[in-house]
Every structure is written in C-alpha cells, then in structure tokens.
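Examining the three-dimensional arrangement
Take a look at the letters that make up each chain.
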Amino acid sequence: GAPKTLFLATEPGLGAIECYQVPIGNWTDLREAFVLLKSGGHGFETVVIDTIGNAYRMAREAAIAEYNAAHRGVPITHPSDLPYGKGWDMVSDKFMGFLNALAALGMGMIMIAHEKTDEEAKHRSADLSGGVKAKIEGWVDAVLLAETIQEMEGDKRISRRVLRTRSDATFAAGVRDRTRKLPDP
C-alpha cells in the first residue's frame, strides 16, 4: 500500500475506508492543502487526489475567474471562448503547474479518475479532456484500471477485483515497467 497517505477528497465517498482526508471544494482549497503539505512536519509520504477530474474542473473554473478579473471586457465562460486554444493553454498551465509543484515535494502521488466510455469506439479511459489526459498519461509512471470481473469457479459465479496494468482494445492502462514482470490478470 501507499505509506502515510493523505487523500485530497474532491467528492464524498471515502466513508467506507479509514483514512486521513482533507475535503476539497474548490481550487483555493486545493492550493491551501498544497501549502500545508509544502510546509512539512505533517508525516505524510503519499498524497492522493480523488478525483483528478474534479481537480481539473476546479483549475478550469479558477483560470476562467482569474482571466475575467484581469480582463474587464467581455467575460469568458469556457476556455474555448478564447481563440487559438489560448483558454485551454491557460487551464493546462495552471493545472499542470500545480501537479508539478505537488510532485516536487517528493511525496508519492496517486491520482484517481472516474472512467468514461467512448461509445462509438467501445473504449474506456480516464474521464479527462483529451489534452490534459495526454499530458498526465505521459507524465505518470502508471495508468491502472481497477475493475471487478465475473468468473465461474465450478458452478458458482464469483466476483474478483483486479488491477489492469496493460491496455487492450477496450481500455487504457500502462506502466513504465521495463522488466515486464508486473502481472496483468
């Protein structure tokens, strides 16, 4: 497991597990949690962002609010309101800057994402927009898929939780495992 872990909980749902958690409702809460972690003396070695999609949404909302405060003209309501991808770049810079600063603390870092399914392609992946998803997937050591599978054991159907370490045609996963010894069920 992950030693001495702190969850940055952007949604309810941790009630079933015993853990240290900080409720995160907006970008300011996330930044304040970072400042506390950076100050040290807390004993945590691993931080979990649960969920990374909500944290990204908070960064997007904060970036739009900051842009509107600095540009007193016509306010924007979405990153696509700025031409040439400038709005998306603004959000990505804010979000990835935060993740880089968090990673620079030297703690273990885990990001949990909800799953989304591309119905046309029948492919499952993290519920993040394309640009930031590609950046995160290129930045992390592992993209894992946790799921429950149904199997037959004799004449009984059993459920088994598995952690996927390699992609197939229906889902995205992968690990920087040069040894190729990390199993995949």
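All values derive from a computational prediction rather than experimental measurement. (Residues numbered from 1 in each chain as written. Predicted model: local features only at pLDDT ≥ 70, side-chain atom pairs only at ≥ 80, totals over all residues. Heavy atoms only, no water.)

Focus on helix 1 (residues 27-39)
An α-helical segment advances 3.6 residues per turn. Residues three or four places apart therefore align on the same side. Worth spelling out the cut-off: Only DSSP runs of H or I with at least four residues qualify as helices, and only runs of E with at least two residues qualify as strands; both kinds are numbered from the N terminus onward. Any helix carries an expected span of 1.5 Å times its number of residues minus one. Three labels apply to residues, based on accessible area from a 1.4 Å probe with only protein chains included: buried if under 20% of the type maximum, exposed if over 50%, partly exposed otherwise in between. This arc describes the spread of directions from the helix axis toward the C-beta atoms. In this description, contact between two residues means that some pair of their heavy atoms is separated by no more than 4.5 Å.
Its 13 residues give helix 1 an end-to-end C-alpha distance of 18 Å, which sits within 8% of 18 Å, the value for a rise of 1.5 Å per residue. Among the residues of helix 1, those classed as buried are Trp27, Leu30, Ala33, Phe34 and Leu37. Angularly, the buried residues of helix 1 cover 120° about the axis, an arc narrow enough to put them on a single face. Projecting away from the buried face of helix 1 at angles above 90 degrees are the exposed residues Leu36 and Ser39. As for helix 1, its buried residues are in contact with strand 1 (5-9), strand 3 (46-50), helix 2 (52-70) and helix 3 (86-103). Among the residues trailing helix 1, Gly40 stands out with phi positive, at a value near 75°.

Considerations on the confidence of the model for the protein chain
The following threshold applies: Across the chain, each position has a pLDDT score giving the predictor's confidence in that residue, from 0 to 100.
Looking at the protein chain, the pLDDT average stands at 88 and 95% of residues meet or exceed 70. In the model of the protein chain, strand 10 (residues 174-175) stands out as the element of lowest mean pLDDT, 76, in contrast to helix 1, which has the highest, 96.

Some details on helix 4 (residues 130-139)
The complete set of buried residues in helix 4 reads Val132, Lys133 and Ile136. Seen from one end, helix 4 has its buried residues packed into an arc of 100°, which puts them on one side. Exposed residues pointing more than 90 degrees away from the buried face of helix 4 are listed as Gly131 and Gly138. If you follow the buried residues of helix 4, they end up packed against helix 2, helix 3, strand 4 (108-112), strand 5 (115-118) and strand 6 (123-126).

Some remarks on the layout of surface pockets
Condition: Cavities and pockets are defined on a 1 Å grid built over the protein atoms alone: a cavity is a set of grid points where a 1.4 Å probe fits but cannot escape, while a pocket is an open set with protein on both sides within 12 Å along at least five of seven lines, and lining residues are those with an atom within 4 Å of any such point. Grid points are joined across faces, edges and corners, and a volume is the space filled by probe spheres set on the points. Each residue is assigned to one class: nonpolar for Ala, Val, Leu, Ile, Met, Phe, Trp, Tyr, Cys and Pro, charged for Asp, Glu, Lys and Arg, and polar for all the others, Gly among them.
By volume, the largest pocket amounts to about 1100 Å³. What lines the largest pocket is a set of 28 residues, among which Ile110, Met111, Ile112, Ala113 and Leu144 lie closest to the centre. At the level of elements, strand 4, strand 6, helix 4, strand 7 (142-143), strand 8 (145-153) and strand 9 (156-164) are the ones that each hand at least two residues to the lining of the largest pocket. Broken down by element, the residue count for the lining of the largest pocket peaks at four residues, all from strand 4. For the lining of the largest pocket, the class distribution of residues is 21 nonpolar, two polar and five charged.

Let's talk about the sheet that holds strand 2 (residues 20-23)
Strand-to-strand pairing in sheets goes through backbone hydrogen bonds, with the strands running parallel or antiparallel. The test is simple: The criterion for strand pairing is that DSSP finds at least two bridges linking the strands in question. What counts as an axis is a line fitted to C-alpha atoms, over the stretch in contact for a helix, and the angles between N-to-C directions run from 0 to 180 degrees.
Judged by pairing direction, the sheet is parallel, and its four strands sit side by side in the order 2-1-3-4 without closing on themselves. With one partner strand each, in any of the chains shown, strand 2 and strand 4 form the two edges of the open sheet. On average, each strand axis in the sheet is inclined to that of its neighbour by 20°, with strand direction left out of account.

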